[in-house]
Amino acid sequence: MSVTVRIPTQLRELSGGNAEVTAEGGSLAAVLDGLETAYPGFRERLFDDQGELRRFVNVFVDDEDIRFLDGLSTDVKDGATVSIVPAVACG
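Here the structure is a predicted model, which is why all the values come from computation and not from measurement. (Residues numbered from 1 in each chain as written. Predicted model: local features only at pLDDT ≥ 70, side-chain atom pairs only at ≥ 80, totals over all residues. Heavy atoms only, no water.)

Below, the discussion takes up the side chain of Ser15. For Ser15, the position within the fold is in the loop between strand S1 (2–6) and strand S2 (20–24). Taking relative accessible area as the criterion, Ser15 reaches 1% and is therefore assigned buried. Ignoring sequence-local partners within four residues, the contact set of Ser15 consists of Ile7, Val21, Tyr39 and Phe42. (Helix = DSSP H or I, 4+ residues; strand = E, 2+ residues; numbered from the N terminus. Buried < 20%, exposed > 50% of the residue type's maximum accessible area, 1.4 Å probe, protein only. Contact = heavy atoms within 4.5 Å.)

Laid out in C-alpha cells, this is it:
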C-alpha cells in the first residue's frame, strides 16, 4: 500500500530536498514509522518525548485533520495523501 507524504519546507533537508515522498502503511502511525525508517530524523522533529505528535505539528490525511479523526490510528488507504503542516505563529 503506497501513500504520498507531503513534506514541509522546514523538513525537506531530512527527505533529501523532496517535497513529496512515498511511504507504506495502513495507519498514520505506520506511515510515519516508515518515513523515519526511510529518512532518519523525522521522529525527533515530529514527536515529543512521550511519543505524541508535537503541538505545533498538524497532520492531514486527504485534507482531513487527524485530530478530528483517529489520531495516529487513522486509517491511511492506498493512494492517500498525508500532509505534514507545521503551525504558523503570528505576532
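Read on, since the account is not over.
The next subject is the environment of Asp63. By secondary structure assignment, the location of Asp63 is in the loop between strand S3 (57–61) and strand S4 (64–65). For Asp63 and Val82, which are 19 residues apart along the polypeptide, the C-alpha to C-alpha distance reads 8.0 Å.

Next up on the list: the sheet that holds S3. Spatially, the 5 strands line up as an open sheet ordered S2-S1-S5-S3-S4, and their pairing is mixed. A single partner strand is all that each edge strand has here, and the edge strands are S2 and S4. Judged from the 5 bridges that link them, S1 and S2 form a sheet pairing that is antiparallel. Note on S2: the bridge partner recorded for Ser2 is Glu24. (Pairing = 2+ DSSP bridges.)

Right, let's talk about the pairing of S3 for a bit. Buried residues dominate S3, accounting for 4 of its 5 residues. Of the strand pairs in this sheet, S3 and strand S5 (residues 81–86) are connected by 5 bridges, and their pairing is antiparallel. Paired with Val59 across the two strands is Ile84, which belongs to S5. Direction of pairing for S3 relative to S4: antiparallel, over a ladder of 2 bridges. Each residue of the ladder has a partner; that of Phe60, found in S4, is Asp65. The antiparallel pairing of S3 with S4 creates a hairpin that spans 2 residues between the two strands, and Asp62 there sits at a positive phi of about 50°.

These figures come from the coordinates and say nothing about function on their own.
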